[in-house]
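Here's the letter readout for the chains.
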Amino acid sequence: MNDFSPDNSSGLVTAALKSYLGPYEAWNFGIGKPYAFSAYRREDIKFLTALAEHPSPKTAESVTGAGNLPERRMWFPTMWGRSDNVPLRFWPIVVENRSRKGITLERLGAGLREVLPAEGIDKSRFRLAFPVEPSAMHEGAGTCPAEPEWSPDPKVSGGCPPGKTINVLAVIDDGIPFAHRNFRSADGERSRMEFCWLQSAAKNSASDDASVLFGQEYTRKEIEALIRNHDDEDALYAAAGASSDQFGSGAAINRIATHGAHVMDIAAGCDPNKSEVPAEETRLIAVQLPNTYPWDTSSFGKDMYMLSAVHYILERAERIGAGYGVNNIRVTINCSYGFSAGPHSGTSVLEAAIDEVVRERRKLGRPTAVVLPSGNTFQDRLHGEVTSNDFKKGEFEFTWRVQPTDRTSNYLEIWFPEGLDPGDYSVGIEGPFKSANAEMLLKPDPDYQDGDPRNFQVIQLDNQAGKVVVGQLSLDNYRSSNRWRVLVALAPTEPDEPDLPAAPSGDWKITLKRGTDAAQDHLPIYFWIQRDVDLEAFRKGNRQSYLSDPDYRIVDDRGGEAQSDGTDSHVRRFGSINGMAIGGTSLIVSGCMPSAEAQWDVEKPIASTFSAAGKIGSAGSVGKVDCTAPADRSSINPGIIGAGTRSGSYVVVQGTSVAAPLVARRLAEAFASRSEDEVRNAEADNYLSIIETIELPGLTGEERARLGGHLVL
């Protein structure tokens, strides 16, 4: 699979046929493997992770029974709904790579078929995520982790303020300083954080009955003991395993500022230097994602870890409710993450999985809210569209600009509208200076009988050494949803290994051709490019590709960043919304700042220049913003001040990621005070109506697409 000669191009097709996986997995375990996430290039990977999608809902007992083989090969992390026997379609799993050899499509498919023998891979789908570091994996665990040793705080049980309801506020993020002073009670000794799961922390070798499948869990009492026993927070986090590396990636908590510290502080922090009174009725849960979370630019997602985090939070919330005597405890989850590509119709695997578990919990009468940011890609030129009128003489051509010295692969997705059969279309790709080319008729290969209809083609580079493969072109009927996707995957322009073929940097021409028998009038075809940013703390050599169009206007008449889309360009700002922010159970938050006229003119906030938006007038087909919250102090003072990783430190962080947790905080406050009837009636709008908001009257279509009509302060 590592031989990039064109004679081996059929190996991709054969392997993809025998082991149905998505096109990203086909690239990363097939011809693109030399460029993949570095952990998957190793020969000794032992624990793979995936989000498994079953054709129909199954209870935990039936799923665990399928993987209960004589030699343990599959594990499930903490799962919500076991006690209520809730059937689900989506399950996070960890699979042992028993071959102890490098992972290929053949071996991967065989391993997944073995652990799900009841249905097999032919009918199930899998989204691969980062592997689990052996030092973090509790491989001796049975079908479910052990019970945590937890008991409620008696001072909270007997001292909840009158008229308040104990509820749970949870944050899923990176680098969470769970021992920070801002997350304690007023006395500074008791923690408000009931549970914290460090997903990539090295396991305690003395513990054979761990309460989590991988990483480490800390309860409130254990956190309080760590605080008492360590005057130095650096030593505290080292003792807790929070600062351990994973696959060569340094722990975020070792830095003075992290995304997670800032988000957690805005959502639940109480600074003793500001005479704030901690809301003890709101109990906290934190899940710290693996250190490898920013490596999703390699196209391996966080899906398994994210879904595991949601299940963990809801399961631990039920324990908190039982411990404090609260029936149907109310839960708010903030997840300030996202991705830029995907179907943007609420049907991505992770969205569908989160929607499913939230809806099932709501069916049981247990209020559950998920708060997500709208994204920061408004100006990044990662989104475009082509209408039926844009096809001149049956063709439409656009330019994808791929940057030099990029150390990671690049991905472009083309999404056809629901119900449009692309069988009379073709897509052609031409590299800079005609250095590479590929063309594919958009029809599934009839030889692929199992899984979603699909097709694959390679992108070849002509050079003095002959034809070599530098990319993959694929077609698939995404989750058999009647939404067809074309994915273009390109090798890095500067691979880590200098002997590997590199994709040429520059302008790649993509041509869509529409046959005469195709429908001449159809809804827009959308393009989305995967995010490929190089986060400062990790420095992996990513460089963001983007759509290039001479008609795209970057600046306005006054020299500032343009905030509107021109009618002549196919590159769009509107529609750039976070790819996982379209699900039906999530509250979507954009970022804003004060208007120029006055400081926080409550009737005239303006969207932060980066804050992504749905389509103008969209009812949700490409996502919509529900409300907005501060993400900048002003146009010349970017970002919001919040806590650093150590008690007493402050940093400034910018993005819709810091707007969302403020809304989560206000929602937790509402959950603490609103009646059962009020909360139940607000479920239809994902509880926005019980939050104290400022209505924004007289918004234009563009303003509403970015601000959502409500301001939260």
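Remember, predicted model here, so these are calculated numbers, not experimental data.

### Regarding the packing of aromatic side chains
Logical step 1: In total, this model carries 22 aromatic pairs according to the counting rule given.
Logical step 2: Between Phe391 and Phe396, the ring centres sit 6.5 Å apart and the planes meet at 55°, which makes this aromatic pair tilted.
Logical step 3: Among the residues examined, Phe396 registers a relative accessible area of 10% and is labelled buried.
Logical step 4: Here Phe391 and Tyr425 contribute two aromatic rings whose centre-to-centre distance is 6.0 Å and whose plane-to-plane angle is 75°, an arrangement assigned as edge-to-face. Linking Phe391 in the loop between strand 11 (383–386) and strand 12 (395–402) with Tyr425 in strand 14 (residues 425–430), this pair joins segments that are 34 residues apart in sequence.
Logical step 5: Counting every residue linked through ring pairs, the aromatic cluster contains Phe391, Phe396, Phe398, Phe416, Tyr425 and Phe527.
Logical step 6: Here the basic side chain of Arg316 rests over the ring of Phe195, its NZ or CZ set 5.6 Å away from the ring centre.
Logical step 7: Here Arg706 stacks its cationic end above the ring of Phe378, 3.6 Å away from the centre of that ring.

### Quick word on the packing of helix 9 (residues 259–268) against helix 12 (residues 656–673)
Logical step 1: Two elements in contact, helix 9 and helix 12, have axes separated by 7 Å at closest approach and are oriented at 30°. With respect to their mutual orientation, helix 9 and helix 12 come out roughly parallel. Seen along the crossing, helix 9 lies across helix 12 with a hand that is right-handed. When helix 9 is examined against helix 12, the residues His259, His262, Val263, Asp265, Ile266, Ala267 and Ala268 are found in contact with a partner set consisting of Ser657, Val658, Pro661, Leu662 and Arg665.
Logical step 2: For the contact of helix 9 with helix 12, the residue count by class is seven nonpolar, three polar and two charged.

### Some details on the nonpolar core
Logical step 1: Formed by 88 residues in total, the largest nonpolar core has its most connected members in Ile172, Phe214 and Ile313.
Logical step 2: Looking at this core element by element, the count peaks at 12 residues for helix 10 (residues 303–324).
Logical step 3: Those residues in contact with Ile172, other than ones at most four positions away along the chain, are Val287, Leu289, Met306, Ala309, Val310, Ile313, Ile333, Asn334, Cys335, Ser336 and Tyr337.
Logical step 4: Core analysis: the next-biggest nonpolar cluster, separate from the first, contains 55 residues, Ala201, Ile223, Val589 and Ala668 among them.

### Here's the deal with helix 10
Side chains that are three or four residues apart share a direction in an α-helix, a result of its 3.6 residues per turn.
Logical step 1: Here helix 10 spans 32 Å end to end across 22 residues, near enough to the 32 Å set by a 1.5 Å rise per residue.
Logical step 2: By the criterion of burial, helix 10 is predominantly enclosed, with 18 of the 22 residues buried.
Logical step 3: Downstream of helix 10 by one or two residues, Gly325 has phi in the positive range, about 70°.

### Let's talk about the pairing of strand 12
Logical step 1: The pairing of strand 12 with strand 19 (residues 506–514) spans eight bridges and is classified as antiparallel. Bridge pairing links Arg401 to Asp507 in strand 19.
Logical step 2: Two elements, strand 12 and strand 21 (residues 546–548), share three bridges in a ladder whose sense is antiparallel. Bridge pairing in strand 21 links Arg401 to Tyr546.

### Describing the pattern of salt bridges
Logical step 1: Throughout the structure, instances matching the rule amount to 34 salt bridges.
Logical step 2: Where Arg359 meets Asp355, a salt bridge forms, and the shortest distance between an N and an O atom there is 3.8 Å. Within this pair, Arg359 and its partner Asp355 are both found in helix 11 (residues 349–363), separated by four residues, close to a single helical turn.
Logical step 3: Judged by relative accessible area, Asp355 falls into the buried class, the value being 6%.

### Section: a nonpolar patch on the surface
Logical step 1: On the surface, a cluster of nonpolar side chains totalling about 280 Å² of accessible area is made up of Ile641, Tyr650 and Val652.
Logical step 2: By the secondary structure assignment, Tyr650 is in strand 26 (residues 650–653).

### Notes on the environment of Ala341
Logical step 1: Tracing the chain through its elements places Ala341 in the loop between strand 9 (331–335) and helix 11.
Logical step 2: Between the C-alpha atom of Ala341 and that of His383, which follows or precedes it by 42 residues, the distance is 8.5 Å.
Logical step 3: Those residues in contact with Ala341 that sit more than four places away from it in its chain are Glu413, Trp528, Ile529, Gln530 and Gly579.

### Things to note about unusual backbone geometry
Logical step 1: For Lys393, which is not glycine, the phi dihedral falls at a positive 55°.
Logical step 2: Position of Lys393 relative to the elements: it lies in the loop between strand 11 and strand 12.
Logical step 3: On the basis of relative accessibility, which here comes to 88%, the residue Lys393 falls in the exposed class.
Logical step 4: For Tyr687, which is not glycine, the phi dihedral falls at a positive 75°.
Logical step 5: In this structure, Tyr687 sits in the loop between helix 13 (676–681) and strand 27 (694–695).

### As for the sheet that holds strand 2 (residues 74–75)
Within a sheet, neighbouring strands are paired by backbone hydrogen bonds and run either parallel or antiparallel to one another.
Logical step 1: Spatially, the four strands line up as an open sheet ordered 2-3-1-4, and their pairing is antiparallel. Each having just a single partner strand, strand 2 and strand 4 (125–132) make up the two edges of the open sheet.
Logical step 2: Note that strand 2 and strand 3 (residues 88–96) share two bridges and pair antiparallel. Counted as the bridge partner of Trp75 is Val94 from strand 3.

### Comments concerning helix 9
Logical step 1: Within helix 9, nine of the 10 residues are buried, leaving the element largely enclosed by the surrounding structure.
Logical step 2: Those residues of helix 9 lying buried are Gly260, Ala261, His262, Val263, Met264, Asp265, Ile266, Ala267 and Ala268.

### Focus on the environment of Asp232
Logical step 1: As for its position among the elements, Asp232 is in the loop between helix 7 (220–229) and helix 8 (233–240).
Logical step 2: Taking the relative accessible area as the measure of exposure, Asp232 reaches 42% and is therefore partly exposed.
Logical step 3: As for Asp232 and Arg646, which are separated by 414 residues in sequence, their C-alpha atoms are 9.5 Å apart.
Logical step 4: Among the polar contacts listed, one links the side chain of Asp232 to the backbone nitrogen of Asp234, at a separation of 2.9 Å.

### Here we look at the confidence of the model for the chain
Logical step 1: In this model, the chain carries a mean pLDDT of 86, and residues with pLDDT of at least 70 account for 88%.
Logical step 2: Scored below 50 in pLDDT, residues 1–19 shows 46 contacts in the model against residues more than four places distant or in partner chains.

### Considering the pairing of strand 14
Logical step 1: Most of strand 14 sits out of view: five of its six residues are buried.
Logical step 2: Where strand 14 and strand 15 (residues 436–441) come together, five bridges link them in antiparallel fashion. The residue bridging Ile429 from the neighbouring strand is Ala438, located in strand 15.
Logical step 3: Joining the antiparallel neighbours strand 14 and strand 15 is a turn of five residues, in which Phe433 adopts a positive phi near 55°.

### Side note on the packing of helix 10 against helix 11
Logical step 1: Where helix 10 contacts helix 11, the two axes come as close as 10 Å, and the packing angle between them is 10°. Classified by the interaxial angle, the pair formed by helix 10 and helix 11 is roughly parallel. In the packing of helix 10 onto helix 11, the handedness of the crossing is right-handed. Between helix 10, through Asp303, Met306, Leu307, Val310, His311, Leu314 and Glu318, and helix 11, the contact on the second element is made entirely by Leu350, Ala353, Ile354, Val357 and Arg361.
Logical step 2: Class assignment for the residues of the contact of helix 10 with helix 11 results in eight nonpolar, one polar and three charged.

Rules and cut-offs
- Residues numbered from 1 in each chain as written.
- Predicted model: local features only at pLDDT ≥ 70, side-chain atom pairs only at ≥ 80, totals over all residues.
- Heavy atoms only, no water.
- Phe/Tyr/Trp six-rings, centres within 6.5 Å; stacked < 30°, edge-to-face > 60°.
- Buried < 20%, exposed > 50% of the residue type's maximum accessible area, 1.4 Å probe, protein only.
- Helix = DSSP H or I, 4+ residues; strand = E, 2+ residues; numbered from the N terminus.
- Lys NZ or Arg CZ within 6 Å of the ring centre and 35° of its normal.
- Axes fitted to C-alpha atoms, helices over the stretch in contact; angles between N-to-C directions.
- Parallel < 35°, antiparallel > 145°, perpendicular 65-115°, else oblique.
- Left-handed = near helix turned anticlockwise from the far one by under 90°.
- Contact = heavy atoms within 4.5 Å.
- Nonpolar A, V, L, I, M, F, W, Y, C, P; charged D, E, K, R; others polar.
- Core = buried A, V, L, I, M, F, W, Y, C linked by side-chain atoms within 4.5 Å.
- Expected span 1.5 Å × (residues − 1).
- Pairing = 2+ DSSP bridges.
- Salt bridge = Lys/Arg side-chain N within 4 Å of Asp/Glu carboxyl O.
- Patch = residues over 30% accessible without salt bridge, like charges linked within 9 Å, V, L, I, M, F, W, Y side chains within 5 Å.
- Areas by Shrake-Rupley, 256 points an atom, 1.4 Å probe, with all protein chains shown as cover.
- Polar contact = N/O pair within 3.5 Å; in protein donor to acceptor, adjacent residues only side chain to side chain.
- pLDDT = per-residue confidence, 0-100.

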